[in-house]
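Chain by chain, the residues run as shown.
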Amino acid sequence: MEKSHPLTGVSAPASASARHPFRFGVVAATARSGDEWIATARRAESLGYATLVAPDNLQYTLAPLPALTMAAAATRSLRVGTYVLANDLRHPVLLAKDVPSLDVLSGGRFELGLGAGRPDAAAENRMLGLPFDSGAVRVARLAESIGILKALLAGRRVSTSGTYYDVADAEVSPRPVQQPRPPILVAGSGRQLLSLAAREADIIALGLPPDTPEAAVAERIDWIREAAGDRFADIELNVNLMAVGDQVPRWIAAQLRLTAADLAERGSIAAVTGSTEQMCETLVQRRERLGFSYVLVSDEFMEPFAPVVERLAGH
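Residues numbered from 1 in each chain as written. Predicted model: local features only at pLDDT ≥ 70, side-chain atom pairs only at ≥ 80, totals over all residues. Heavy atoms only, no water.

Asker: Kindly report on the overall build of the protein chain, identifying the contributing residues and their values.
Answerer: Regarding its fold elements, the protein chain presents 11 helices and 15 strands. Expected size for 315 residues packed as a compact globule is a radius of gyration near 20 Å; at 19 Å, the protein chain falls within 12% of this value. In terms of its C-alpha atoms, the protein chain occupies a principal-axis envelope of roughly 55 × 45 × 35 Å. The buried share among the 315 residues of the protein chain stands at 50%. A sequence separation of at least 24 residues applies to 71% of the contacts in the protein chain between residues at least 6 apart. On the protein chain, roughly 14,200 Å² of surface is accessible, and the fraction owed to carbon and sulfur atoms is 52%. Taking the average location of the 32 positive side-chain charges in the protein chain and that of its 36 negative ones, the two points are 3 Å from each other. (Helix = DSSP H or I, 4+ residues; strand = E, 2+ residues; numbered from the N terminus. Rg over C-alpha atoms; globule rule 2.2 N^0.38 Å. Buried < 20%, exposed > 50% of the residue type's maximum accessible area, 1.4 Å probe, protein only. Contact = heavy atoms within 4.5 Å. Areas by Shrake-Rupley, 256 points an atom, 1.4 Å probe, with all protein chains shown as cover. Lys, Arg positive; Asp, Glu negative; His and termini not counted. Charge placed at Lys NZ, Arg CZ, Asp CG, Glu CD.)

Laid out in structure tokens, this is it:
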């Protein structure tokens, strides 16, 4: 037996498990001034977006933590987050000091996004004199880092001598507003990293090429489900859209020479095309099939995607 979604009329199995409500966010990386950055944050909030998130690059973008602090100070309800911090670039004890400070200053609106580092990030590690290890090593280092972070954010004193970090009598303050800690998002694409995310994260972001089809995504959701066990239903799944309506971000058009039609034709999980009605239907169907409920768009798409946000946010 099937029932129709009250907002779109899309049929969905009546036996489908409970879904997370939709929430939407904006990915922003640059601004020519503080006023421009504040205007972006306030516009995202006024359009009903739940979050503003910032990537982590040594070149070309704003530094995420100060930028997010400024965005939080300029808004009232907008949550802010990293999308995502490269674990190799920050010691977990120092990060455990920054996170609660930002959470306190934002009134409990911070979300911590972490990753093992982009596969093409070797140049950034070299800038800091750090080796760019294999993916397996970087994932293992991230796992150790998350353990230290969680303990410190929970108010515990940490002493540990691990494979990658030696920590002696570490303790940080203040405590975060959100208890036991701010939500942790982990982004990844390979099985090892997604399995770690399934065990440790509150939110999982699928970091996949823009033209990745649904079948490849479904396989990864199965990996997450297997590793998460009973906690799978509590995990929020995230996708960053690469095509909205008939538009793609400038970098995709310039570097990959892909259009929205190309991505839709390839069955990309990161493409929602057509009218507002069609985009809503696509998102509802994908939530039913795959579980994605937390949807991000580039600030380039903040305005054209707003009708979808107005219709689906919170449902």
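Next, the rest of the story.
Asker: Kindly report on the pattern of salt bridges, identifying the contributing residues and their values.
Answerer: Across all of its chains, the model carries 20 salt bridges by this definition. We note a salt bridge from Glu111 to Arg79, for which the minimum N-O separation is 2.6 Å. Note that Glu111 is positioned in strand S7 (residues 110-115) and Arg79 in strand S5 (residues 79-82), a separation of 32 residues in sequence. Just as Glu111 is buried, Arg79 falls in that class too. Residue Glu171 pairs with Arg157 through a salt bridge whose shortest N-O separation is 2.8 Å. Here the residue Glu171 occupies a position in the loop between strand S9 (166-170) and strand S10 (184-188), and Arg157 occupies one in the loop between helix H5 (135-153) and strand S8 (158-161), the gap between them amounting to 14 residues. On the accessibility criterion, Glu171 (47% relative accessible area) is partly exposed. In the salt-bridge network here, residues are joined through shared partners; they are Arg23, Arg79, Glu111 and Glu236. (Salt bridge = Lys/Arg side-chain N within 4 Å of Asp/Glu carboxyl O.)

Asker: Outline the packing of helix H1 (residues 34-46) against helix H2 (residues 64-73), listing residues and values.
Answerer: Interaxial distance between H1 and H2 falls to 9 Å at its minimum, and their mutual angle equals 60 degrees. In this structure, H1 meets H2 at a crossing whose hand is right-handed. Where H1 approaches H2, its residues Gly34, Trp37, Ile38 and Ala41 are matched on the opposing element by Ala67, Met70 and Ala71. A class-by-class count of the residues in the contact of H1 with H2 yields six nonpolar, one polar and no charged. (Axes fitted to C-alpha atoms, helices over the stretch in contact; angles between N-to-C directions. Left-handed = near helix turned anticlockwise from the far one by under 90°. Nonpolar A, V, L, I, M, F, W, Y, C, P; charged D, E, K, R; others polar.)

Asker: So what's going on with the packing of aromatic side chains? Which residues, and what values?
Answerer: All told, the structure shown has two aromatic pairs when counted by the stated rule. Ring centres of Phe22 and Phe24 lie 5.8 Å apart, and the angle between their planes is 15 degrees; this geometry places the pair in the stacked category. The two residues Phe22 and Phe24 agree in class, both being buried. Note on Phe24 and Phe305: the rings are 5.7 Å apart at their centroids and 70 degrees apart in plane angle, and the pair reads as edge-to-face. Placement of the pair is Phe24 in strand S3 (residues 23-27) and Phe305 in the loop between strand S15 (292-298) and helix H11 (306-312), with a sequence separation of 281 residues. Of the two residues, Phe24 and Phe305, neither departs from the other in class, the shared state being buried. What links up through ring pairs into an aromatic cluster is the set Phe22, Phe24 and Phe305. When the ring centre of Tyr294 is taken as reference, the NZ or CZ atom of Arg23 above it lies at 4.0 Å. (Phe/Tyr/Trp six-rings, centres within 6.5 Å; stacked < 30°, edge-to-face > 60°. Lys NZ or Arg CZ within 6 Å of the ring centre and 35° of its normal.)

Asker: Which residues make up a nonpolar patch on the surface, and what values go with them?
Answerer: A surface patch of nonpolar side chains, about 340 Å² in accessible area, is lined by Leu58, Met127, Leu128 and Leu130. Its location among the elements puts Met127 in helix H4 (residues 122-127). Overall, the relative accessible area of 45% leaves Met127 in the partly exposed class. (Patch = residues over 30% accessible without salt bridge, like charges linked within 9 Å, V, L, I, M, F, W, Y side chains within 5 Å.)

Functional significance is not addressed by these values, which are geometric in nature.
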